[in-house]
Amino acid sequence: MTLDISNALTFDVEDYFQVAALAEAVRYDDWPSMEYRVEANTDRILSLLDSAKTKATFFTLGWVADRSPEMVRRIVDQGHEVASHGYSHQLIYNQTPDVFREETRKSKTILEDITGQAITGYRAASYSITHQSRWALDILCEEGFTWDSSIFPVHHDRYGMPGTPRWPHRLTTDNGNELAEFPLSTLKLPGYTLPIAGGGYFRLFPYWFSQWGLGSINRKGQPFVFYLHPWEVDPGQPRLDVKWFSRFRHYNNLDVCEARLKQLLSRFKFTTMTQVLRDRGVLDA
């Protein structure tokens, strides 16, 4: 039975060769020469959502939008929300504030020109707004963003802000600006906070555990945020030569991910990120 709480369904629109786990094999300068699969995979997700009569938020990489404006228009035409995923999928804490601002502004402009809509939501590449890069939150506010979904309240080798709030809330930046934040969803276990929001965790954990964990958040009266990438429903993607751990992170259970997503869509209620934030009273209508 579907639980009667609307959750945020999100997709980070980037191609397989752009993820941090494969950066050891593919340089940014190599991207134009790689097999381009994100359009077909995004259309596959759009078809699935249409069948499920479900709306979602698509955090779209500026580099991808630049090459696939018609795909971005299809997302909008089907009633979904478009938000920013930055431009080049670089880890923010490896960028200077000036470079981050330039890329953030560039991606926002590209998406607004394509969609004809204000782009007010943001998600960092690999959730790389951390204690080390909190300065990025002020830049987001200054560039016209009103909400964010970049903070993962966990310990992780690549991202995380352990100890930060687990539910949608309004945060105050270091310079006193305000931003609505929907942190990535977690389970609180004895002595440990476990990521449960989707992506590689959704492919790693047995489906029953993901469903139970996400359901436990709804049973507490809270919404969860779920994310996937278009490449995660593409088991036929090229296999790149990377270290075993990166290979495991990226390729594990790609062949079952789409079927699991269909199960999830039939189990829970979903809508866009903006709608959930408004429903929770942390974002103005």
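Everything below is about the structure shown above.
Trainee: Any chance you could explain the overall build of the protein here in plain terms?
Mentor: Tallying secondary structure elements over the protein gives 10 helices and 11 strands in all. Taken over C-alpha atoms, the radius of gyration comes to 17 Å for the protein, in line with the 19 Å a tight globule of 285 residues would show. Considering only C-alpha atoms, the protein reaches an extent of 45 × 45 × 40 Å along its principal axes. For the protein, buried positions account for 60% of its 285 residues. Of all intrachain contacts in the protein linking residues separated by at least 6 positions in sequence, the fraction that spans at least 24 positions is 75%. Looking at the protein as shown, the accessible area adds up to about 11,900 Å², and 49% of this sits on carbon and sulfur atoms. In the protein, 31 side chains carry a positive charge and 35 a negative one; their mean positions are 7 Å apart.

Trainee: Honestly, the layout of surface pockets in this entry has me stumped. Any pointers?
Mentor: A water-sized probe rolled over the atoms picks out the places where empty space is left. In this structure, the second largest pocket occupies an estimated 190 Å³ of space. Grouping the amino acids of the lining of the second largest pocket by side-chain chemistry returns 8 nonpolar, 4 polar and 1 charged.

Trainee: Hey, could you run me through the pattern of salt bridges in this one?
Mentor: Opposite charge on two side chains allows them to pair when their charged atoms are near. According to the stated counting rule, one finds 17 salt bridges in the structure shown. Put simply, Arg37 and Asp234 hold a salt bridge, and the shortest N to O gap is 2.6 Å. Taken together, the positions of Arg37 in the loop between strand S1 (3-13) and helix H1 (38-52) and Asp234 in the loop between strand S10 (225-228) and helix H8 (244-251) put the pair 197 residues apart, joining distant regions of the chain. A single burial state applies to Arg37 and to Asp234, both of which are buried. Here Arg101 makes a salt bridge to Glu142, at a shortest N to O gap of 2.6 Å.

Trainee: What is the right way to read the environment of Cys141 from this model?
Mentor: Within the secondary structure layout, Cys141 lies in helix H5 (residues 135-142). A relative accessible area of 16% places Cys141 in the buried class. It is 7.0 Å that separates the C-alpha atoms of Cys141 and Leu179, two residues lying 38 residues apart in sequence. In this structure Cys141 touches Thr173, Asn177, Glu178 and Leu179, once residues within four positions along its chain are discounted.

Trainee: Please explain the packing of helix H4 (residues 97-115) against H5 as it appears in this structure.
Mentor: Axes are the key here: two packed helices are described by the angle between their axes and the distance separating the axes. One way to put it is that H4 packs onto H5 with a least axis distance of 10 Å and a crossing angle of 35 degrees. Seen from above, H4 lies across H5 with right-handed handedness. Taken together, the residues of H5 that come into contact with H4 (itself represented by Pro97, Phe100, Arg101 and Thr104) are Trp135, Ala136, Ile139, Leu140 and Glu142. The residue inventory of the contact of H4 with H5, partitioned by class, reads 6 nonpolar, 1 polar and 2 charged.

Trainee: Which parts of the structure should I look at to understand the side chain of Gln222?
Mentor: By secondary structure assignment, the location of Gln222 is in the loop between helix H7 (207-219) and S10. Residues in contact with Gln222, not counting those within four places in the same chain, are Ile5, Asn7, Trp167, Pro168, Ile217 and Arg280.

Trainee: Just to check I follow, could you spell out the nonpolar core for this structure?
Mentor: Nonpolar side chains tend toward joint burial in soluble globular proteins. If you look at the biggest cluster of nonpolar residues, it comprises 91 residues, and the most contacted ones within it are Phe11, Phe58, Ile129, Phe152 and Phe226. Those residues within four positions of Phe11 in sequence are excluded, and the remaining contacts are Ile45, Leu49, Ala56, Thr57, Phe58, Phe59, Leu228 and Leu261.

Trainee: Explain the packing of aromatic side chains here, please?
Mentor: Geometrically, a pair of aromatic rings is defined through the distance of the ring centres and the angle of the planes. Per the stated rule, a full pass over the model turns up 24 aromatic pairs. Within the aromatic cluster, the residues linked to one another by ring pairs are Tyr127, Phe152, Tyr201, Phe205, Trp208, Phe209, Trp212 and Tyr227. Between the NZ or CZ atom of Arg267 and the centre of the ring of Phe268, over which it lies, the distance is 5.7 Å.

Trainee: Mind showing me how you'd approach empty space enclosed by the protein here?
Mentor: Evaluation of the coordinates by the stated rule reveals 1 cavity of 30 Å³ or more. There is about 80 Å³ of room inside the largest cavity. As for the largest cavity, its lining consists of 13 residues, and the residues nearest its centre are Gly86, Tyr87, Gln95, Glu103 and Tyr122. In terms of residue count, the dominant contributor to the lining of the largest cavity is H4 (3 residues).

Trainee: Would you mind showing me how to read helix H3 (residues 69-77) here?
Mentor: For the α-helix, the turn length of 3.6 residues means that residues three or four positions removed from each other point alike. Every buried residue belonging to H3 is among Met71, Val72, Ile75 and Val76, and all of these are buried. The arc that holds the buried residues of H3, viewed along the axis, is 145 degrees, so those residues lie on one side. With its phi angle positive at about 90 degrees, Gly79 sits one or two positions after the end of H3.

Trainee: For this particular structure, what's the right way to read unusual backbone geometry?
Mentor: One can expect most non-glycine residues to show negative phi and most peptide bonds to be in trans. Positive phi outside glycine occurs at His89, with the angle close to 55 degrees. Structurally, the position occupied by His89 is in the loop between strand S3 (81-84) and H4. Residue Ser126 is not a glycine yet carries a positive backbone phi of 50 degrees. On the secondary structure map, Ser126 appears in the loop between strand S4 (121-122) and H5. Look at Ser126 and you get buried, because its relative accessible area is 14%.

The rules we used
Residues numbered from 1 in each chain as written. Predicted model: local features only at pLDDT ≥ 70, side-chain atom pairs only at ≥ 80, totals over all residues. Heavy atoms only, no water. Helix = DSSP H or I, 4+ residues; strand = E, 2+ residues; numbered from the N terminus. Rg over C-alpha atoms; globule rule 2.2 N^0.38 Å. Buried < 20%, exposed > 50% of the residue type's maximum accessible area, 1.4 Å probe, protein only. Contact = heavy atoms within 4.5 Å. Areas by Shrake-Rupley, 256 points an atom, 1.4 Å probe, with all protein chains shown as cover. Lys, Arg positive; Asp, Glu negative; His and termini not counted. Charge placed at Lys NZ, Arg CZ, Asp CG, Glu CD. 1 Å grid on protein atoms, 1.4 Å probe; cavity = no way out; pocket = protein on both sides within 12 Å on 5 of 7 lines; lining within 4 Å. Points joined across faces, edges and corners; volume = space filled by probe spheres on them. Nonpolar A, V, L, I, M, F, W, Y, C, P; charged D, E, K, R; others polar. Salt bridge = Lys/Arg side-chain N within 4 Å of Asp/Glu carboxyl O. Axes fitted to C-alpha atoms, helices over the stretch in contact; angles between N-to-C directions. Left-handed = near helix turned anticlockwise from the far one by under 90°. Core = buried A, V, L, I, M, F, W, Y, C linked by side-chain atoms within 4.5 Å. Phe/Tyr/Trp six-rings, centres within 6.5 Å; stacked < 30°, edge-to-face > 60°. Lys NZ or Arg CZ within 6 Å of the ring centre and 35° of its normal. Arc of directions from axis to C-beta.

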